[in-house]
Amino acid sequence: TTTGALRDDAHLLESKIWEQLPEDTEGRAVMYYNCCGPTENERPTRDSVIRLLWYMVHKTMIEQKDPHKGFVIIVDARSCCLYTFDRKLVRRMTDSCTTILPVTIKALHVCCSPHRSVLEMICPMFKYMVGRHLRNRMVIHQANSKQDIVDDLEEYGISADGLPLALGGRLGLPLRREPTTLCGKPDCRKDCCCNSNSSQSIR
């Protein structure tokens, strides 16, 4: 809890390094990991990241409607490079999610930069380190833009309303509503009586 094991790292909850997202269309729990957040000068220790991961997993398990449907993890690695890639941290997080914590990872979505160095060096290294279980469930998204990420993830049942702003989603923003009419007719036109009445009432 924030007053127990996480008392020294409670401030990391606001940094959104690990974040619980709404469940996807299949009822699976979704978690978001920003591997380069918050900034290079404020990078937390490995122990802090692991404690935060354990806290978020337990919190998500309690709130998940059907724990048997498992977890989906979205990794934001768009700013990752050889300098920021932490192999020891990746190994510890992998061990936590596959052998220690009582969770089943159904899918692992990695959003990365289309730069050659990332695709040819970091991605193969990452795939090897996460092991066969996660490797078979991994999807690499080459993000030319945030909209590309949103479009790709929506194909896997994760809507834009459930994605953080950092990935181009609308989580936390007011839900978009379709315009309604006073008459309720599906074929209402601009010259409909309800529109004229509403404009007169505004005046």
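The structure presented is a predicted model; accordingly, all values stated were derived computationally and were not measured.

Colleague: What exactly am I supposed to notice about the nonpolar core here?
Modeller: Grouped burial of nonpolar side chains is what soluble globular proteins tend to show. Counting 36 residues, the largest nonpolar core has W18, Y33, M93, L108 and F126 as its most contacted members. Looking at this core, the elements that each hand over two or more residues are β2 (29-34), α2 (46-63), β3 (71-77), α3 (87-100), β4 (105-112) and α4 (116-129). Looking at this core, the element that brings in the most residues is α2, giving six residues. Aside from chain neighbours lying at most four places away, what touches M93 is W18, Y33, V49, I50 and L53. Counting 15 residues, the second largest nonpolar core, distinct from the first, contains V72, L153, A160 and L163.

Colleague: Mind showing me how you'd approach the packing of aromatic side chains here?
Modeller: Aromatic ring pairs are described here by two measures, namely the spacing of the ring centres and the angle between the planes. In total, this model carries one aromatic pair according to the counting rule given. Residues W18 and Y33 carry aromatic rings whose centres are separated by 4.6 Å and whose planes lie at 25° to one another, so their mutual orientation is stacked. Taken together, the residues W18 in strand β1 (residues 18-21) and Y33 in strand β2 connect sequence positions 15 residues apart. Across the pair, exposure class does not vary: W18 and Y33 are buried alike.

Colleague: I keep staring at the side chain of R28 and nothing clicks. Help me out?
Modeller: Mapped onto the elements, R28 comes out in the loop between β1 and β2. Polar contacts involving the side chain of R28 include one to the side chain of D24, which spans 2.7 Å. Setting aside chain neighbours within four positions, we find R28 in contact with E23, Q64, K69, G70, V72, K106 and Y156.

Colleague: Please clarify how the sheet that holds β1 should be interpreted in this entry.
Modeller: Backbone-to-backbone hydrogen bonds join strands into a sheet, with any given pair of strands oriented parallel or antiparallel. Spatially, the five strands line up as an open sheet ordered β1-β2-β3-β4-β5, and their pairing is mixed. For this open sheet the edge positions go to β1 and β5 (138-142), each flanked by a neighbour on one side alone. The average undirected angle you get between the axes of adjacent strands in this sheet is 20°. Here seven bridges tie β3 to β4, and the two strands are oriented parallel to one another. When the bridges of β4 are listed, I73 appears paired with L108.

Colleague: Quick question: what am I supposed to make of the confidence of the model for the protein chain here?
Modeller: It should be kept in mind that the predicted coordinates are not to be read in detail where pLDDT is low. Overall, the prediction assigns the protein chain a mean pLDDT of 80, with 77% of residues at 70 or greater. Contacts from residues 195-203, a stretch scored under 50 in pLDDT, to residues over four places away or in other chains number four contacts.

Colleague: Any chance you could explain the pattern of salt bridges here in plain terms?
Modeller: Pairing of side chains with opposite charge becomes possible as their charged atoms draw close. The tally for this structure, following the rule as stated, stands at six salt bridges. Here D86 and R46 are joined by a salt bridge, their closest N and O atoms 3.0 Å apart. With D86 in the loop between β3 and α3 and R46 in helix α2, this residue pair connects regions lying 40 residues apart in the sequence. Judged by relative accessible area, which is 18%, D86 ranks as buried. With a closest N to O distance of 2.9 Å, D47 and R92 form a salt bridge. Within this pair, whereas D47 is found in helix α2, its partner R92 is found in helix α3, the two being separated by 45 residues in sequence. Take R92: its relative accessible area is 34%, and that puts it in the partly exposed class.

Rules and cut-offs
Residues numbered from 1 in each chain as written. Predicted model: local features only at pLDDT ≥ 70, side-chain atom pairs only at ≥ 80, totals over all residues. Heavy atoms only, no water. Core = buried A, V, L, I, M, F, W, Y, C linked by side-chain atoms within 4.5 Å. Buried < 20%, exposed > 50% of the residue type's maximum accessible area, 1.4 Å probe, protein only. Helix = DSSP H or I, 4+ residues; strand = E, 2+ residues; numbered from the N terminus. Contact = heavy atoms within 4.5 Å. Phe/Tyr/Trp six-rings, centres within 6.5 Å; stacked < 30°, edge-to-face > 60°. Polar contact = N/O pair within 3.5 Å; in protein donor to acceptor, adjacent residues only side chain to side chain. Pairing = 2+ DSSP bridges. Axes fitted to C-alpha atoms, helices over the stretch in contact; angles between N-to-C directions. pLDDT = per-residue confidence, 0-100. Salt bridge = Lys/Arg side-chain N within 4 Å of Asp/Glu carboxyl O.

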